[in-house]
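Coordinates in review
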Amino acid sequence: MSMDLRTITIEPLRQTFGHLARRMGADKPASRYMEGTMDLQPVENYHYRPTWDPSHDIFDPARTRITMKDWYALKDPRQFYYGAWTLARGRMQETATADFDLADELGLATGYPAAGKKVINEVLLPLRHVAWASNINNSAVAAYGYGIAISQAAAYACMDQLGIAQFITRLGIAFDEIDALAEAKQDWLEAPVWQGLRHYVEDMMVMDDWFELFVTQNFALEGLLFPLIYDKLTDRLNAAHGPVLSMLTRFQREWFTENVKWVDAVLKAAAADNPANKALLGEWIAAARQRSVEVLTPVAELAFGTDGAAVLDEVVQQLNARAAKAGIPV
Amino acid sequence: MDMKVSKKLGLKERYTMMTRDLAWDTTFQPMDKVFPQVGYEGIKIHDWDKWEDPFRLTMDAYWKYQAEKERKLYAILDAFNQNNGHLSVTDARYINVLKLFLGSTPPLELMAARGFSMVARQMVGAGPRVACMMQSVDEYRHFQTQIHSISNYNRFYNGLDEFAHQQSRMWYLSDGKSFFDDAITAGPFEFMVAIGFAFEYVLTNILFVPFISGAAYNGDMAAMTVGFSAQSDEARHMTLGLECIKFMLEQDPDNLPIVQRWIDKWTWRGTRKLASVGMMMDYMLPKRIMSFKEAWEIYFEQNGTALFTDLARYGVKVPKCFGQTIEEKEHITHQSWIGFYMKPDACPFHTWIPAPDELDWLSEKYPNTFDKYYRPVLEHFDRQEKAGKRFNNKTQPMNCQVCVSTIKFNEPGDPMEMCFRETVYKGEKFHFCSDHCKEIFENEPEKYVQTFISSHAALQGKCEPEGTDVNAHDYRPGARMHAYWRMDKRATGDFNGSEDQKNFAKWRAQATKN
Amino acid sequence: MTSNAFIAFQKNEETRCIVEAIVDDNPDAVVVDQPAMVKVDVPGRLVIKRATVEEKMGRDFDLQELQLHLITISGHLDESDDEFTLSWEA
Ligand SMILES: [Fe+2]
Ligand SMILES: [Fe+2]
Ligand SMILES: [Zn+2]
């Protein structure tokens with residue numbers, strides 16, 4: 001008996017799962033992102049209260065002051081479910097690895113002028129610890145955020161930041177500066193220029209409200225830090241010493257451009273849900289922007305000398321524009 | 001440092017630079033405020049640097065390999081779906097395995113994802129934090145690939161469409177839910193013993209390996225691909241769990257009694273959950289590859305013995321329940337299947353009496369128990385069914401206060417006697433399926449008095465479908481369970497005569513006719 | 001009695017080479033065939049050597065590539081650039 005299963009057409013009984021049909025208002029095919037995200041976190045009939053937080057349920061919307069009629073409105077415009085995310089990162093790391101290999105083969109990094117190396121050692125290498133802090137803070141959002149839309153995207157962001165910390169480490173290794181990595185860590189722990197920033201990320205580690213943490217870390221601090229370093233500083237070093245640094249920080253730059261889409265979409269959806277959210281987000285952003293500018297000022301001076309303040313101001317304008325686009329007055 | 005030195009960074013040194021060298025001890029905020037959960041369970045850690053990283057994957061390598069796996073997996077899935085692969089499974093009874101699987105497994109993978117995010121946030125050492133985070137995203141992977149692989153079956157067969165709604169409501173899914181709820185509400189170290197060790201190391205093998213092999217054997221390439229691909233992550237997860245146990249035991253001798261109690265508790269809780277997996281292997285796979293008993297012997301007894309012999313150097317003893325689980329391996333799958341068969345209205349999958357050759361297979365695989373205790377019951381039900389008096393048990397079951405399973409297992413040493421234990425706490429009586437569950441309760445009564453048991457909750461009016469009017473004159477608590485579950489009638493009852501059976505036969509006939 | 005360390009792989013061309021390498025390097029290895037998978041048991045200690053796998057495959061092999069094919073393992077793991085070892089204390 002031979003069977004040709006390919007050629008037959010059969011009528012499906014339904015197009016998608018019940019919870020998705022109800023969400024879409026129609027029985028029609030759903031994307032893999034939706035199938036792997038929407039309405040899947042348990043919301044009821046929990047057996048036990050957390051022994052580590054008995055005043056809340058396992059998953060509890062009250063862990064933030066933000067309220068949402070639908071927590072899945074905080075969806076990811078990149079539509080990253082695990083497969084889509086890991087394929088995107090797989091491609092990016094392939095390019096990055098090829099870049100590092102090429103730089104190594106041609107001696108581009110080791111031959112980098114000493115003046116440029118000094119800036120990289122002093123300004124860029126300590127940032128691996130900032131990425132590590134972001135990794136910790138995003139793991140809190142992944143852990144305590146409400147709904148799978150936000151929790152999975154934060155889990156991916158958390159791994160992305162670990163990847164970034166590792167790419168910066170690799171940059172140190174490529175520039176043949178293993179000792180410089182140790183010095184950069186020492187600076188991070190002791191040099192006055194970094195203590196404000198370190199203080200700030202440590203404060204974030206004890207922040208209670210996961211949404212405030214999301215805004216502070218992902219929108220405000222990174223929204224200033226990434227353009228400051230990966231646009232402004234790399235541009236300046238490229239102009240002086242050729243494009244190799246740009247090549248070896250491509251991952252961070254591409255990542256930031258893409259990650260912004262997610263961060264901004266989350267803010268926009270939360271602000272659109274109700275006026276109280278909008279006001280609260282405005283408050284959080286204003287406070288985080290102010291403190292971020294404070295702690296980044298010495299870093300900007302270290303990187304740009306007397307131009308530091310002006311460069312920082314440019315990236316603050318960019319951040320304000322993003323907030324405005326998300327519908328949040330600041 | 002010159003070029004050659006940096007080139008020579010071995011796997012271990014390089015990995016150290018890429019992970020724990022990133023971390024520092026906070027000083028602007030005290031460490032115990034940044035990591036508030038690592039102390040309250042009583043586990044003493046003196047030196048987090050002693051943590052040994054088992055697998056040393058940096059993110060670039062992780063993304064590279066995982067992307068390759070995902071690319072393959074979705075290519076196979078797409079091809080399987082485009083070619084109506086669902087019609088190439090051995091017989092439509094097989095699809096009921098997927099129904100049970102979809103209801104019970106992806107929701108637990110999701111809990112693992114969230115739980116590992118929590119532990120990743122709470123662990124002080126960079127080594128365990130990174131491994132936990134990686135496991136967290138892996139578990140998102142499993143959760144999603146499982147749903148994606150079964151999604152196409154949902155278009156053609158009944159009983160799969162409401163798994164998301166049913167995950168927290170369906171009585172028989174409550175044991176798995178309570179297992180993960182219990183773990184995630186415990187502290188970070190207990191979670192690691194519960195999920196990282198007991199679940200991943202001791203049980204995942206038996207849960208997945210024979211099951212996936214069975215899927216392959218029954219022509220389900222989608223489930224096989226997804227299953228094996230997920231398993232490729234499990235080796236990492238198992239290693240993390242084992243490393244965590246060793247780490248705790250090496251850090252302080254005071255940790256031993258705590259860890260031992262957790263091992264006893266979670267091995268037992270895990271084996272209780274396995275009854276339904278075993279039932280799939282013995283009753284639901286049309287083509288069987290090995291019996292549950294055989295799988296249990298290879299993956300639990302032999303492997304578990306190797307593991308606990310090894311851990312004896314730390315003073316760890318074989319879990320208390322080990323002996324009882326060995327005795328039960330010849331019983332639980334039969335008791336479970338019979339239990340489900342007896343409740344045809346209350347499950348979104350079909351049941352059946354095995355065909356004569358299948359009964360013979362069971363007799364051969366279970367020479368000590370099947371003919372003596374279970375074959376007569378099944379043959380009796382078969383006669384009843386054929387006489388138009390299909391057995392249908394409508395009474396509310398009694399559930400164990402700890403593992404939430406229906407109390408249906410036998411008294412140790414006496415297969416004819418139902419095992420039943422009870423205890424009184426603060427004037428209230430609680431019931432258990434076993435001595436082990438009773439002991440777990442007595443160690444932490446304040447936790448286990450909270451257990452959500454749907455048969456009780458229903459009578460208290462806590463299981464009503466949305467929009468129920470509790471003031472209606474004819475309102476009776478728990479009277480509308482089918483609506484509460486969103487149970488599709490077509491998905492219930494006997495396989496024989498079901499819509500699935502008819503459709504499968506019709507579609508297959510289309511493919512064989514010219 | 002020595003406990004078995006074991007490893008199981010999905011069956012494919014790559015793992016055929018890996019299993020061959022294991023059999024060469026572990027004289028007591030027992031290969032168990034199952035639908036779509038293959039399991040190898042070795043009493044006490046199982047080692048996979050990069051060099052042997054490379055010889056079987058005729059190309060460079062990074063031991064971390066094992067990640068792609070693994071189904072399960074049993075034993076304490078130690079991984080270096082050249083060897084992947086699973087072992088139980090006697
Ligand atoms: Fe998993
Ligand atoms: Fe796992
Ligand atoms: Zn029980």
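Residues numbered from 1 in each chain as written. Chains lettered and ligands numbered in written order. Predicted model: local features only at pLDDT ≥ 70, side-chain atom pairs only at ≥ 80, totals over all residues. Heavy atoms only, no water.

1. Some points on the overall build of chain B
For chain B, the helix and strand inventory stands at 22 helices and four strands. For 514 residues, the compact-globule estimate of 2.2 N^0.38 gives 24 Å, and the C-alpha radius of gyration of chain B, at 24 Å, lies within 12% of that figure. Each of the three principal axes of chain B carries a C-alpha extent, and together these read 85 × 70 × 55 Å. Residues counted as buried form 68% of the 514 residues belonging to chain B. Put simply, of all contacts in chain B between residues at least 6 apart along the chain, 77% involve residues at least 24 apart. When the 62 positive and 68 negative side-chain charges of chain B are each reduced to one mean point, those points stand 3 Å apart. (Helix = DSSP H or I, 4+ residues; strand = E, 2+ residues; numbered from the N terminus. Rg over C-alpha atoms; globule rule 2.2 N^0.38 Å. Buried < 20%, exposed > 50% of the residue type's maximum accessible area, 1.4 Å probe, protein only. Contact = heavy atoms within 4.5 Å. Lys, Arg positive; Asp, Glu negative; His and termini not counted. Charge placed at Lys NZ, Arg CZ, Asp CG, Glu CD.)

2. Remarks on the coordination of the iron ion (ligand 2)
Residues and elements named next belong to chain B. Bound to the iron ion (ligand 2) on the protein side are Glu139 (OE), Glu200 (OE), Glu200 (OE), Glu234 (OE) and His237 (ND1), at distances that span 2.2 to 2.6 Å. On the primary sequence, the residues serving as donors to the iron ion (ligand 2) are separated as E-x60-E-x33-E-x2-H. Separating the iron ion (ligand 2) from the iron ion (ligand 1) is a distance of 3.2 Å, and Glu139 supplies a donor atom to each of them. Taken as a pair, Glu234 and His237 lie in helix α11 (residues 221-251) at a separation of three residues, close to a single helical turn. When sorted by exposure, Glu234 lands in the same class as His237, which is buried. (Donors = N, O, S within 2.8 Å, 3.2 Å for Na, K, Ca; no water.)

3. A few points about the interface of chain C and chain B
Interfaces are often sized by the amount of accessible area the parts lose when they come together. Each side of the interface is counted separately: chain C has 28 residues, and chain B has 37 residues. Carbon and sulfur atoms supply 58% of the area that chain C and chain B bury against each other, a total of about 3,000 Å² over both sides. Among the residues chain C hides against chain B, the three largest losses belong to Gln64, Gln67 and Leu68 of chain C. Together they make up 21% of the total. Taken together, the links from chain C to chain B amount to two salt bridges. Residues Lys12 of chain B and Asp78 of chain C are paired through a salt bridge, measuring 3.6 Å at the closest nitrogen-oxygen approach. For the pair chain C and chain B, the number of links is 15 residue pairs in polar contact (both at pLDDT 80 or more). Of all the secondary structure elements, the ones that give two or more residues to the side of chain C that touches chain B are β1 (4-10), β3 (37-43), β5 (70-74) and β6 (76-79) of chain C. Looking at which element gives the most residues to the side of chain C that touches chain B, the answer is β5 of chain C, with five residues. (Buried area = accessible area lost by both parts, 1.4 Å probe. Salt bridge = Lys/Arg side-chain N within 4 Å of Asp/Glu carboxyl O. Polar contact = N/O pair within 3.5 Å; in protein donor to acceptor, adjacent residues only side chain to side chain.)

4. Remarks on the sheet that holds strand β7 (residues 83-87) of chain C
All names here are of chain C. Taken in spatial order, the three strands of this open sheet run β4-β7-β6, and their pairing is antiparallel. Both edges of this open sheet fall to β4 (45-49) and β6, since each of them pairs with a single strand only. Across this sheet, the average inter-strand angle for adjacent strands is 10 degrees, counted without regard to direction. Pairing between β6 and β7: four bridges, direction antiparallel. Residue pairing across strands places Glu79 opposite Phe84, the latter belonging to β7. (Pairing = 2+ DSSP bridges. Axes fitted to C-alpha atoms, helices over the stretch in contact; angles between N-to-C directions.)

5. As for unusual backbone geometry
Located in the positive-phi region is Asn45 of chain A, a residue other than glycine, with phi close to 55 degrees. Along the chain, Asn45 of chain A turns up in the loop between α2 (32-35) and α3 (82-105). For Asn45 of chain A, a relative accessible area of 14% puts it in the buried group. Its identity as a non-glycine residue notwithstanding, Arg486 of chain B has a phi of 55 degrees, on the positive side. Structurally, Arg486 of chain B is set in the loop between α21 (481-485) and α22 (499-512). Arg486 of chain B gets classed as partly exposed once you look at its relative accessible area, which sits at 34%.

6. Overview of helix α8 (residues 192-204) of chain A
Residues and elements named next belong to chain A. Across its 13 residues, α8 extends 19 Å between first and last C-alpha, which sits within 8% of the 18 Å expected from 1.5 Å per residue. Within α8, ten of the 13 residues are buried, which leaves it mostly tucked inside the rest of the structure. Along α8, the residues classified as buried are Val193, Trp194, Gln195, Leu197, Arg198, Tyr200, Val201, Glu202, Asp203 and Met204. Summarising the contacts, the buried residues of α8 are in contact with α4 (114-124), α5 (127-144), α7 (178-190), α9 (210-241) and α12 (275-304). (Expected span 1.5 Å × (residues − 1).)

7. What about the nonpolar core?
In this structure, Phe211 of chain A together with Ile7 and Ile48 of chain C are the most contacted members of the largest nonpolar core, which totals 321 residues. It is helix α10 (residues 188-217) of chain B that contributes the most residues to this core, 20 residues altogether. With residues up to four places along the chain from it excluded, the contact list for Ile7 of chain C reads Ile22, Val38, Lys39, Val40, Leu46, Ile48, Leu70, Thr72, Ile73, Phe84 and Leu86 of chain C. Grouped together as the second largest cluster of nonpolar side chains are 14 residues, Trp268, Cys403, Phe432 and Tyr448 of chain B included. (Core = buried A, V, L, I, M, F, W, Y, C linked by side-chain atoms within 4.5 Å.)

8. A look at the interface of chain B and chain A
Opposite the 109 residues of chain B that make contact, chain A presents 94 residues. Counting each side, the surface lost to burial between chain B and chain A is near 9,100 Å², with a carbon and sulfur contribution of 61%. For the salt bridge of Glu44 of chain A with Arg169 of chain B, the shortest nitrogen-to-oxygen distance reads 2.8 Å. Applying the counting rule to chain B against chain A returns 55 residue pairs in polar contact (both at pLDDT 80 or more). Looking at the side of chain B that touches chain A, the element that brings in the most residues is helix α7 (residues 126-156) of chain B, giving 17 residues. Taken together, the residues of the side of chain B that touches chain A break down into 46 nonpolar, 32 polar and 31 charged. (Nonpolar A, V, L, I, M, F, W, Y, C, P; charged D, E, K, R; others polar.)

9. Some remarks on the side chain of His350 of chain B
All names here are of chain B. Checked against the element boundaries, His350 lands in the loop between α15 (332-341) and α16 (356-365). When its relative accessible area of 0% is taken as the criterion, His350 is described as buried. Polar side-chain contacts of His350 include one of 3.2 Å to the backbone oxygen of Gly493. Discounting chain neighbours no more than four positions away, the residues touching His350 are Asn96, Lys99, Trp337, Arg490, Ala491, Thr492, Gly493, Asp494, Phe495, Ser498 and Asp500.

10. Description of the sheet that holds β5 of chain C
The sheet built from four strands is open, its strands ordered β2-β3-β1-β5 (chain C) with antiparallel pairing. Two strands close off the open sheet at either side, each with one partner strand: β2 (30-34) and β5 of chain C. Taking the axes of each pair of neighbouring strands and ignoring which way they run, one obtains an average angle of 15 degrees across the sheet. Across five bridges, the pairing between β2 of chain C and β3 of chain C is antiparallel. Paired with Val31 of chain C across the strands is Val40 of chain C, a residue of β3 of chain C. Running at roughly 20 degrees to β3 of chain C, helix α13 (residues 292-311) of chain B makes contact with β1, β2, β3 and β5 of chain C of the sheet.

11. Things to note about the pattern of salt bridges
Residues and elements named next belong to chain A. Within this structure, the stated rule accounts for 78 salt bridges over all chains. Of the charged contacts in the structure, one is a salt bridge between Arg291 and Asp203, with a shortest N-O distance of 2.9 Å. Linking Arg291 in helix α12 with Asp203 in helix α8, this pair joins segments that are 88 residues apart in sequence. The partner of Glu314 in a salt bridge is Lys232, with the nearest N and O atoms 2.7 Å apart. Of this pair, Glu314 sits in helix α13 (residues 308-325) while Lys232 sits in helix α9; the two residues are 82 residues apart in sequence, bridging distant segments of the chain.

12. Concerning the pairing of β7 of chain C
Regular strands place their side chains on alternate faces of the sheet. Residues and elements named next belong to chain C. Direction of pairing for β4 relative to β7: antiparallel, over a ladder of five bridges. Following the sheet pairing, Arg45 is matched in β7 by Ser87. In textbook terms, the turn of a hairpin is the stretch between consecutive antiparallel strands, and for β6 and β7 this stretch comprises three residues.

13. Here we look at the arrangement of the chains
When the two pairs of chains in contact are ranked by number of contacts, first place goes to chains A and B. Where chain A comes nearest to chain C, the C-alpha atoms are still 14 Å apart, and the two do not contact one another.

14. Some thoughts on the environment of His241 of chain A
Residues and elements named next belong to chain A. Looking at the element boundaries, His241 is found in helix α9. Looking at His241, the relative accessible area reads 23%, which means it is partly exposed. Sequence spacing of His241 and Lys117 is 124 residues, and the spatial spacing of their C-alpha atoms is 9.8 Å. In this structure His241 touches Tyr112, Pro113, Ala115 and Gly116, once residues within four positions along its chain are discounted. For His241, the side chain forms a polar contact with the main-chain nitrogen of Gly116, separated by 3.5 Å.

15. Some points on a nonpolar patch on the surface
Residues and elements named next belong to chain A. A contiguous nonpolar patch, built from Leu102, Leu106 and Leu108 and spanning about 250 Å² of accessible area, is present on the exposed surface. Positionally, Leu102 belongs in helix α3. A relative accessible area of 38% means that Leu102 is categorised as partly exposed. (Patch = residues over 30% accessible without salt bridge, like charges linked within 9 Å, V, L, I, M, F, W, Y side chains within 5 Å. Areas by Shrake-Rupley, 256 points an atom, 1.4 Å probe, with all protein chains shown as cover.)

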